[in-house]
Amino acid sequence: MTSMAATGNARPYFGEVLEKKNVGMAMVGRFFPLRRLKKRSFSVIASARTPPRSIDSVNGRKFNNIGINRGEATFLGKKCSESSVDAPLHAVLLGRFVEERFVYRQTFIIRSYEIGPDKTATMETLMNLLQETALNHVTSSGLAGNGFGATREMSLRKLIWVVTRVHIQVQRYSRWGDVVEIDTWVDAAGKNGMRRDWIIRDYHTQEIITRATSTWVIMNQETRRLSKIPEQVRQEVLPFYLNRVAVAAEKNDSERIDKLTDATAERIRSGLAPRWSDMDANQHVNNVKYIGWILESVPMNVLGNYALTSMTLEYRRECRQSNLLESLTSSTAASLSEDSNNYINRRPDLEYTHLLRMLADKAEIVRARTEWHAKQRHV
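Residues numbered from 1 in each chain as written. Predicted model: local features only at pLDDT ≥ 70, side-chain atom pairs only at ≥ 80, totals over all residues. Heavy atoms only, no water.

Now for the overall build of the chain. Looking only at helices and strands, one finds 7 helices and 16 strands in the chain. Buried positions account for 53% of the 379 residues belonging to the chain. Accessible surface computed for the chain: about 18,100 Å², of which carbon and sulfur atoms make up 49%. (Helix = DSSP H or I, 4+ residues; strand = E, 2+ residues; numbered from the N terminus. Buried < 20%, exposed > 50% of the residue type's maximum accessible area, 1.4 Å probe, protein only. Areas by Shrake-Rupley, 256 points an atom, 1.4 Å probe, with all protein chains shown as cover.)

Structure follows, in structure tokens:
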């Protein structure tokens, strides 16, 4: 359960629900040279920590001290003025604030190692991109402390953000080489929680292809117990709150997920073991890793012939590297869908309930609910 809320990547119908008020947060990011540019351009790979060497000229073009063309540049097929390319390095390579700094926007290219057998991005890829954007939001906002997505006041009190619930709806998965643009913002969730939302667009068409929402609470990093939001932390993040939702209330999966047992589960996969590389900077398994384990108990023909278009995760407890896990799955509903070339107006073909639990004492880690649509066959 790592910080993606930070304050600290369904083809059902997504109505427009953009209602404004006033946002927030989450860490360090990445930028990759893009391959589908409309014009030939000079690609720069840079680290936020180690600036690239100074370059005076390349192929007759002059560059500034961070290796960016000082004249007119092309970024993702769009021209940038000299003033924009001379902006701080993180603003050029990691993302930028829009809408009076209430929304943080970042662009990514889908890499070859982020796709599945059908050459489209996986659900894990999308969740990783959402998390990356959220963490970069916190860092770029100037609020980041020493923790992984924590603010300064949180770091002083040894507090971290942990996610309790995530709901994501996928209208269309991007393919290898596609460029996506992600917007994120935050708002209050009750007295002691924070809500972080995202939308993912196709960069070139500006079509919204994914919507997601999540709820976060604060935990003490040493005692591992949940904590109320200290007033000092509340005052830090309050100016970033934006009263806007990515998923309309009537489309949000907010119902409680039923618990699976040995008696109700149709399929059980045992012996799943976290690796050292599954751990995050907060010393527990990264919340995105749970998705792969949950899908381990989904029938193979479903994984191959259906698209995962909606997923809701309820996080119950932490998982450490020493824990062995079990993945349980049971079908909950199936409905006949009308013929359509688009998932937007279709009901899911399959629905499943899932549980990830400890193998030793059967303690729950994550409950989940998924919806699937038959993949479209292209002749």
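Quick look at helix α3 (residues 123-141) now. Taking 1.5 Å per residue, 19 residues should reach 27 Å; α3 reaches 27 Å between its end C-alpha atoms and fits that length. Burial of α3 is extensive: 16 of the 19 residues sit out of reach of the surface. (Expected span 1.5 Å × (residues − 1).)

A word on the packing of aromatic side chains. Enumeration over the complete set of coordinates arrives at 3 aromatic pairs. Centroid distance Phe97 to Tyr104: 5.2 Å. Interplanar angle 70 degrees. Geometry classified as edge-to-face. Judged by relative accessible area, which is 18%, Phe97 ranks as buried. Judged by centre distance (5.9 Å) and plane angle (45 degrees), the ring pair of Tyr290 and Tyr315 falls under tilted. Here Tyr315 lies in strand β13 (residues 306-315) and Tyr290 lies in helix α6 (residues 289-295), a separation of 25 residues in the sequence. Take Tyr315: its relative accessible area is 7%, and that puts it in the buried class. A connected cluster of aromatic rings, assembled from ring pairs, spans Tyr290, Trp293 and Tyr315. When the ring centre of Trp185 is taken as origin, the NZ or CZ atom of Arg244, which lies over that ring, is 5.6 Å away. (Phe/Tyr/Trp six-rings, centres within 6.5 Å; stacked < 30°, edge-to-face > 60°. Lys NZ or Arg CZ within 6 Å of the ring centre and 35° of its normal.)

What follows concerns the pairing of strand β10 (residues 208-220). Most of β10 is tucked away: 12 of the 13 residues are buried. Pairing geometry for strand β7 (residues 159-170) and β10, over 11 bridges, is antiparallel. For Ile168, the partnering residue across the bridge sits in β10 and is Ala212. Sheet topology places strand β9 (residues 194-202) next to β10; 8 bridges connect them, and they run antiparallel. Counted as the bridge partner of Asp197 is Thr213 from β10. (Pairing = 2+ DSSP bridges.)

Right, let's talk about the pattern of salt bridges for a bit. Going through the model one piece at a time under the given rule, you end up with 25 salt bridges. Between Glu222 and Lys158 there is a salt bridge whose closest N-O contact spans 3.9 Å. Here Lys158 lies in the loop between α4 (152-156) and β7 and Glu222 lies in the loop between β10 and β11 (226-227), a separation of 64 residues in the sequence. Taking the relative accessible area as the measure of exposure, Glu222 reaches 58% and is therefore exposed. For Asp278, the salt bridge goes to Arg275, with nearest N and O atoms at 3.3 Å. By relative accessible area, Asp278 is classed as buried at 2%. Connected via shared salt-bridge partners are Arg105, Glu181, Asp183 and Arg201. (Salt bridge = Lys/Arg side-chain N within 4 Å of Asp/Glu carboxyl O.)

Judged by nonpolar contacts, the single largest core of 57 residues is most densely connected at Met123, Met127, Ile168, Tyr290 and Leu313. Apart from the residues within four sequence positions on either side, Met123 is in contact with Ile168, Val170, Tyr173, Ile291, Leu308 and Met311. Counting 9 residues, the second-largest nonpolar core is a separate cluster that includes Val98, Phe102, Trp185 and Ile208. (Core = buried A, V, L, I, M, F, W, Y, C linked by side-chain atoms within 4.5 Å. Contact = heavy atoms within 4.5 Å.)

This part takes up the side chain of Arg244. Relative to the elements of secondary structure, Arg244 occurs in the loop between α5 (231-237) and β12 (267-272). At 2.6 Å, the side chain of Arg244 forms a polar contact with the side chain of Glu99. (Polar contact = N/O pair within 3.5 Å; in protein donor to acceptor, adjacent residues only side chain to side chain.)

A few words on the side chain of Asp202. Along the chain, Asp202 falls in strand β9. Its relative accessible area of 12% is what places Asp202 among the buried residues. At 3.0 Å, the side chain of Asp202 and the backbone nitrogen of His204 are in polar contact. Ignoring sequence-local partners within four residues, the contact set of Asp202 consists of Arg172, Val179, Glu207 and Ile209.

For the chain, the average pLDDT comes to 78, and 70% of its residues sit at 70 or higher. Segment residues 1-93: pLDDT under 50, and 279 contacts once partners within four positions in sequence are set aside and those in other chains are kept. For residues 336-342, every residue scores under 50 in pLDDT, and the model assigns this stretch 8 contacts once sequence neighbours within four places are set aside. (pLDDT = per-residue confidence, 0-100.)

Now for the environment of Val302. Summarising the element assignment, Val302 is placed in helix α7 (residues 300-305). The class for Val302 is buried, based on a relative accessible area of 2%. With 48 residues separating them in the primary sequence, Val302 and Leu350 have C-alpha atoms 8.8 Å apart.

The subject of this paragraph is unusual backbone geometry. The residue Glu99 is not glycine, and still its phi comes out positive at about 55 degrees. On the basis of relative accessible area, Glu99 is assigned to the partly exposed category, the value being 30%.

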